[in-house]
Amino acid sequence: MGFSIGTTGAGLGPRGALDRFSDKVEGKVFNLEVVLRLLIYVRPYWFQMTVSVLLLLISSALVLTIPYLVKIAIDQSIAQHDLDSLSRVTMWMLGAFSGLYLTSLGQQYLLSWIGQRVLANLRNEMFRHLQSLSLGYHDTRIVGVTLSRVISDVAVINELLAEGLVTLVGDTLLLIGIVVTMLSMSPRLALLTFSVLPLMLLVTILFARRATAAFRQTRARIAAVVGDLAEGLSGIRVIQAFAQEDASRTQFDAVNRENRDAYIEAMSLSYIFLPSVEFLGMVATAIVLLFGGLFVIRGSLTIGVVVAFLAYVSRFFQPIQELSQLYTTMQAAMAGGERVLNLLDTVPDVLDSPDAIECPPIAGRIELKNVSFAYLSEPVLHNINLVIEAGQTVALVGPTGAGKTSIANLVARFYEAAEGAVLIDDHNIKQIRQHSLRSQMGLVPQDPFLFSGTIADNIRFGRPEANDNQVKEAADLANALEFIEAKPNGFQTEILEGGVNLSLGQRQLVCIARAVLADPRILILDEATASVDTMTEVLIQEALVQLLRGRTAIIIAHRLSTIQHADQICVLDSGSIVEMGKHEELLARKGLYYTLHAS
Ligand code: DCP
Ligand code: MG
């Protein structure tokens, strides 16, 4: 779906650009409800998760053991010149190292195994939900922003669920383990070493507070970059046509620069923080050397303990660093999680009622009863009453913006009328499952959209099981065969996204063929506004005669020549039906239809 490009470029300053793409402010660092709901996505993998936590426990225990083995080697084996014991301890150490290697490997693998599955499942669910949301939702959203929901918000959630929570548990356990081991080896030296902790706590709190704000900025800015990029790309034709590259570039440059600055600020905080932690680690090391050495000289401590302490101190500050980084991840994940859950919680405006029926093959009678409708707040259709008998062709005509496409949108139930009812074969449209209704309806949209793929793929879109002959027949009926066969690759011609390598008329012919192949009971044809050449127009007209045989049809025409044979012509103006009748009657009346026809 394309989105409005009218607002791109010079008109909006960088501020405006940013505001368009930014979301509601981010809240808490920890939101239990969000975490619990997200954990549901991890639940299918509880077994792997348990194994990975077990592996983590083992590897943490091994990390704790290694300095202890060093102490034994120094204080017992080496001090007592016991070679046997030394080789035994060394073997133990090698064993511990191998164990550490294997458990970390297994744990990392399992975590990414789980993480990628959670990520993919969440994306699938979002995609499915986005598909179920009515056009009313998509109309009011910027595609780039929705993209960043599905891509980056989900990724950061994954970072939290898969790695963050496990890091949290693992690092906390490791910290406690180190503290307990140090205290039990030498309470005096341990307490002296921990004297740097208050300072460390202070630095961490200061950092976390500043970093929270800084990283929040980076996320808002990157959303703006993605949004602006997406809009700039889909509007590229218009931007180039109006030579607005400079303005567009300036705007992109502005959001890009703000993103850069926000990032540099956030990163420089990290660059101040991490060395500070390291510095405090060095201070702790110095304390161990000084006091530990003193105790050794006085004979109240063994050298092995001092060496083990040095090892523990060096391990001690790594979890602290990781935990403080986790703080920012967690915050991003909470914000992302909230947005993703909001999206998943959005209820489609157009919902099947619980007792909606699977629609039997319909005859195709359509009735609009006192229908009034607004997309947002401004009323677009006023009290429309229209009956189309099964098999009839009704043409909707009227000036641009009169509400023709809107009527088609209501019949196809892309939107729901605020007042009145749309009936199909005397069923209220709300009582029919959307899917079963649309599968009997063919639509040739005003803006004929083609997917990337071959021409044949595109024609087959509504009926993937159709064979090559049926595709060819449909193309023939739609009068598209001639131009398709003139292409060097015929039906296998690759179409670019949006169908840009076909002319508008050709795109419309392919869309008509697509509708023919689906063989719908009701056909809605919204003629493209841009004029097609007279040759193509004749082709489309001829195709229509074939196409409409035995079906109910709503034809929206801009060229009145196309619809002179319609059973009924319905003239709309500003959202109301102003005239209705056959071609000659309407001409004779010399009203709006006459004026339109004359122009
Ligand atoms: N409109 C809106 N939101 C949308 C689509 C349309 O607010 N998502 C408004 C714009 C028009 C009015 O609704 O004022 C009627 O729009 P239609 O698309 O129904 O108009 P037509 O199809 O009659 O116009 P055209 O001949 O240009 O296709
Ligand atoms: Mg229209």
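It should be emphasised that the depicted structure is a prediction, and the values quoted were computed from it without experimental measurement. (Residues numbered from 1 in each chain as written. Chains lettered and ligands numbered in written order. Predicted model: local features only at pLDDT ≥ 70, side-chain atom pairs only at ≥ 80, totals over all residues. Heavy atoms only, no water.)

A. Layout of the sheet that holds strand β2 (residues 379-388). Pairing within the open sheet is antiparallel, and its 4 strands lie in the order β2-β1-β4-β5. Looking along the sheet, the strands with just one partner apiece sit at the ends: β2 and β5 (427-428). As judged from the 5 bridges shared by strand β1 (residues 366-374) and strand β4 (residues 419-424), these two strands associate in the antiparallel manner. What sits directly across from Lys369, in β4, is Ala421. (Pairing = 2+ DSSP bridges. Helix = DSSP H or I, 4+ residues; strand = E, 2+ residues; numbered from the N terminus.)

B. The coordination of the magnesium ion (ligand 2), seen in detail. Binding of the magnesium ion (ligand 2) to the protein goes through Thr405 (OG1) and Gln446 (OE1), at separations of 1.9 to 2.3 Å. One end of the pair, Thr405, is in helix α12 (residues 404-411); the other, Gln446, is in the loop between β6 (441-444) and β7 (453-454), and 41 residues separate them in sequence. Residue classification places Thr405 among the partly exposed positions, given a relative accessible area of 27%. (Donors = N, O, S within 2.8 Å, 3.2 Å for Na, K, Ca; no water. Buried < 20%, exposed > 50% of the residue type's maximum accessible area, 1.4 Å probe, protein only.)

C. Quick look at the site of ligand 1. Surrounding ligand 1, one finds Asp139, Tyr375, Val380, Thr400, Gly401, Ala402, Gly403, Lys404, Thr405, Ser406, Gln446 and His558. Take Lys404: an N or O atom from its side chain is 2.8 Å from an oxygen atom of ligand 1. Residue Ser406 places a side-chain N or O atom 2.5 Å away from an oxygen atom belonging to ligand 1. In isolation ligand 1 exposes 600 Å². Once the protein is present, 65% of that is buried. Broken down by element, the shell around ligand 1 gets its largest block of residues, 3 residues, from α12. Looking at side-chain class alone, the shell around ligand 1 contains 3 nonpolar, 7 polar and 2 charged residues. (Near = heavy atom within 4 Å. Polar contact = N/O pair within 3.5 Å; in protein donor to acceptor, adjacent residues only side chain to side chain. Areas by Shrake-Rupley, 256 points an atom, 1.4 Å probe, with all protein chains shown as cover. Nonpolar A, V, L, I, M, F, W, Y, C, P; charged D, E, K, R; others polar.)

D. View of the pattern of salt bridges. Under the definition given, this model contains 17 salt bridges. Glu258 is paired through a salt bridge with Arg221; the nearest N and O atoms lie 2.6 Å apart. Note that Glu258 is positioned in helix α10 (residues 245-298) and Arg221 in helix α8 (residues 197-234), a separation of 37 residues in sequence. A single burial state applies to Glu258 and to Arg221, both of which are buried. Glu389 is paired through a salt bridge with Arg365; the nearest N and O atoms lie 3.4 Å apart. Residue Glu389 is found in the loop between β2 and β3 (393-397), and its partner Arg365 is found in the loop between α11 (303-345) and β1; the two are separated by 24 residues along the sequence. Using a relative accessible area of 38% as the deciding quantity, one classes Glu389 as partly exposed. (Salt bridge = Lys/Arg side-chain N within 4 Å of Asp/Glu carboxyl O.)

E. Structural detail: the sheet that holds strand β9 (residues 522-526). With mixed pairing, the 6 strands of this open sheet are ordered in space as β6-β9-β10-β3-β11-β12. The outermost strands of the open sheet, each flanked by one partner alone, are β6 and β12 (576-581). Strand-to-strand, the axes of this sheet are offset by a mean angle of 15 degrees, without reference to chain direction. In this sheet, strand β10 (residues 552-556) lies alongside β9 in parallel orientation, the contact comprising 5 bridges. By the bridge assignment, Leu523 is partnered in β10 with Ala553. Packed on one face of the sheet, α12 meets β3, β6, β9, β10 and β11 (568-573) and runs near 150 degrees to β10. (Axes fitted to C-alpha atoms, helices over the stretch in contact; angles between N-to-C directions. Contact = heavy atoms within 4.5 Å.)

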